[in-house]
Amino acid sequence: MFSNYLKIAFRVLWRNKIYVILNIGGLGFAIACCIVAYLNYNYRANFDQNYTGTEHIYRLNSMRVVDGSKQPWGVVPLPLAQAIQRDVPGVEQVARLSSAAVIVKHQENTFDEHIQYADKAIFYFFALPLKSGNLSDFDQPGQVIISEAFAEKCFSKEIPVGRSLTIIGSDGNPKVYTVAAVAKQIPANSSLQFNIITSFDNGADGNQTLSNNWEKANRITTFVKLKNNQSAGLITGILNPYVHVNNRNNIDWPVAGFFLQPFSDLATSSDIDMPGYVYGSQLTVNPRGVLVIVPAIMSLFILMITCFNFTNISIAFASGRLKEIGIRKVIGGLRRQLIWQFLTENLVLCTFASAFALFFVRLLLPTVMQLTGVDLSPDLGKDYGFWIFLLITPAFSAIFSGLYPALYISSFQPVKILKGKTALGSSNRFTRFLLIAQFSLSCFALVVGIVMSQNASFQKKANFGYAINEIAVAEINSPQEYTAFSHVIQQLSEVKSIAGCTQQIGDGTYTQTVQTHNDKIQVQAANIGGEAYLKTMGIQLVQGRHFYETGADASESILVNQTFVQRLGLKHPLGHRISLDSIKYTIVGVVGDYKEFGLHDLVPPCVLHMAKPADYKFMVLRTDEKNLARVNGLLQTAWHQVAPNRPYRGYL
């Protein structure tokens, strides 16, 4: 019987190509949007699902007090990681993890990379699989493990195990490492990601003297494996004495306590837009708020609009089939048979629409992946949920959009049909509801689209407080490089001005504590290159003066922003003495507010110190917005003339 339904369905659809094309095109695009939204949701929902046996694994976090409110942070002082293994009962094993930016050289190739320093236990904690080689020599000096992707990039078709890599750290000294193993590629939706990983003892943090020094404590990621999960709360209490040790030795980074966070919670605590966000995490983030909710809602609305449209078109289309319906009923056709016939036609249409949707998905995915920065391509061999979703969506669409027309049309009396007394086009409450719903949802989708476009336009035109669209930044490794590079750059006619700094605004500024009469507040601080830097960046001086190039300004004077003045309630800020991390400074100038954290957060109180040229880490240059892309290319060319053995590190 079903084969007859299919034959009739194909004949009817073949004779009505315009009707078919309209519905397949609309439904195909709607289903494609739903598929992309599903892939986006599935990526976030399955974050860290590749790890097994992590029920006893916890991350050791810090609870900081910032501006009077508590903030959980995903890092702890290094000495605490040492102490918890030694002094705290109930801890089976500890795995430390930290990272650093390095330069990797292999033959004639030079790469900018991040190296992870970790204890061997991290491979056992998360069952990280190896493609080749083994872990036996991981603890030995000069051994590294690399990822499949890095092995392909660096060694191409060569066998990586046993090969050597030259890694240049922040101190500028090259060190030769031997590849001990190649790790299987970790899925992108995983908290732990690495291209190069080596023993924790190979890093600066591995120095035993530094590891036990609370005064100069680096803050690292620390994983703890417990013997019993019930002891997690007890361990948190045992760590309280270390709070006083940290606060006594790190007045700029005080904490209110330390606590254990289950590894299973990490995937849901790295989105700043969602509750439970943990600051300072050194792991891969999992944005799951707006990036998931908005596409899901919009794709559902688009599908509903298309289904309502499909229903209205189906009812209108049925007006040409009234005689067919009447004759089939006269010769003995049952109502349920007519219903199945119409539903089969809809199912065939939706199946074709699903195939067409895959074509749309192929067109949409590259753009979506570029916007989100994650690979949403489905693993067709393992992602069974994708296939189930691909089957359920057209079936749901066929029933949702076709059930009412099938019930409505099959209810007509054959005598009235053959006498021409059936008024198919007459409206009823349901058809009016469909039209109103379709129109309302379409208007809503248009309004949301217009609002999002206006928001994007606003972000492009927003005033950041500095010339964000005219600035290029290049990272500098030494005073000699700064001098040589600036000499070359000054020859470019497109460049208006250049300046140096130690911390670039919006990238690498640090936190300092201001002590007032009643309270302490946290401020964002940066060391900049004086008047030249502010003019190059386009930051306005609204009161007072710039730094003097000579004299004691570098150690005694500061500039502050307008938010700083308002937060401290300073009516006459110039000449005012304030305490920054227990050191006294004099305010000599006030600059206009600039968006240190972009449009995502409020403008914080900011402090600017005078940097010495020998301490410059960045070169900032300004040009016309229309020339920025071209100048960026010229910068890379000029850099290779100055430092041919170092990769260019710059951004707009």
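See above for the structure.
Predicted model, so just to flag it, every value in this text is computed and none were measured. (Residues numbered from 1 in each chain as written. Predicted model: local features only at pLDDT ≥ 70, side-chain atom pairs only at ≥ 80, totals over all residues. Heavy atoms only, no water.)

**As for the nonpolar core**
Part 1 of the reasoning: Counting residues in hydrophobic clusters, the biggest one holds 30 residues, and the most contacted among them are Leu-27, Ile-35, Leu-39, Leu-303 and Leu-376.
Part 2 of the reasoning: For this core, the secondary structure elements donating two or more residues are helix H2 (17–45), helix H9 (290–317), helix H11 (335–372) and helix H12 (384–410).
Part 3 of the reasoning: Broken down by element, the residue count for this core peaks at 12 residues, all from H2.
Part 4 of the reasoning: Here Leu-376 is in contact with Leu-39, Asn-40, Tyr-43, Leu-365, Val-368 and Met-369, once residues within four sequence places are set aside.
Part 5 of the reasoning: Listed in part, the 25 residues of the second largest apolar core include Ile-505, Ile-528, Val-588 and Val-620. (Core = buried A, V, L, I, M, F, W, Y, C linked by side-chain atoms within 4.5 Å. Buried < 20%, exposed > 50% of the residue type's maximum accessible area, 1.4 Å probe, protein only. Helix = DSSP H or I, 4+ residues; strand = E, 2+ residues; numbered from the N terminus. Contact = heavy atoms within 4.5 Å.)

**So, helix H3 (residues 78–87)**
Part 1 of the reasoning: When you tally the buried positions in H3, you get seven out of 10 residues, the bulk of the element.
Part 2 of the reasoning: Within H3, burial applies to Leu-78, Pro-79, Leu-80, Ala-81, Gln-82, Ala-83 and Ile-84.

**A word on empty space enclosed by the protein**
Part 1 of the reasoning: Evaluation of the coordinates by the stated rule reveals three cavities of 30 Å³ or more.
Part 2 of the reasoning: Surrounding the second largest cavity, Arg-59, Ser-191, Leu-266, Ala-267, Ser-269, Ser-270, Ser-281, Leu-283 and Thr-284 form its lining. (1 Å grid on protein atoms, 1.4 Å probe; cavity = no way out; pocket = protein on both sides within 12 Å on 5 of 7 lines; lining within 4 Å. Points joined across faces, edges and corners; volume = space filled by probe spheres on them.)

**Points about the pattern of salt bridges**
Pairing between side chains of opposite charge can happen when the charged atoms of each approach one another.
Part 1 of the reasoning: Taken as a whole and judged by the stated rule, the model has 14 salt bridges.
Part 2 of the reasoning: Between Glu-92 and Lys-225 there is a salt bridge, and its shortest N-O distance comes to 3.9 Å. In this pair, Glu-92 is assigned in strand S4 (residues 91–106) and Lys-225 in strand S11 (residues 219–226), connecting sequence segments 133 residues apart.
Part 3 of the reasoning: In this structure Lys-225 comes out as partly exposed when scored by relative accessible area, which is 26%.
Part 4 of the reasoning: When the shortest N-O distance is used, the salt bridge between Arg-96 and Asp-201 registers 4.0 Å. Highlighted residues: Arg-96 in strand S4 and Asp-201 in the loop between strand S10 (196–199) and helix H6 (208–211), separated in sequence by 105 residues.
Part 5 of the reasoning: Under the relative-accessibility criterion, Asp-201 is labelled partly exposed at 46%.
Part 6 of the reasoning: When salt bridges with common partners are traced through the structure, they connect Arg-96, Asp-119 and Asp-201 into a single cluster. (Salt bridge = Lys/Arg side-chain N within 4 Å of Asp/Glu carboxyl O.)

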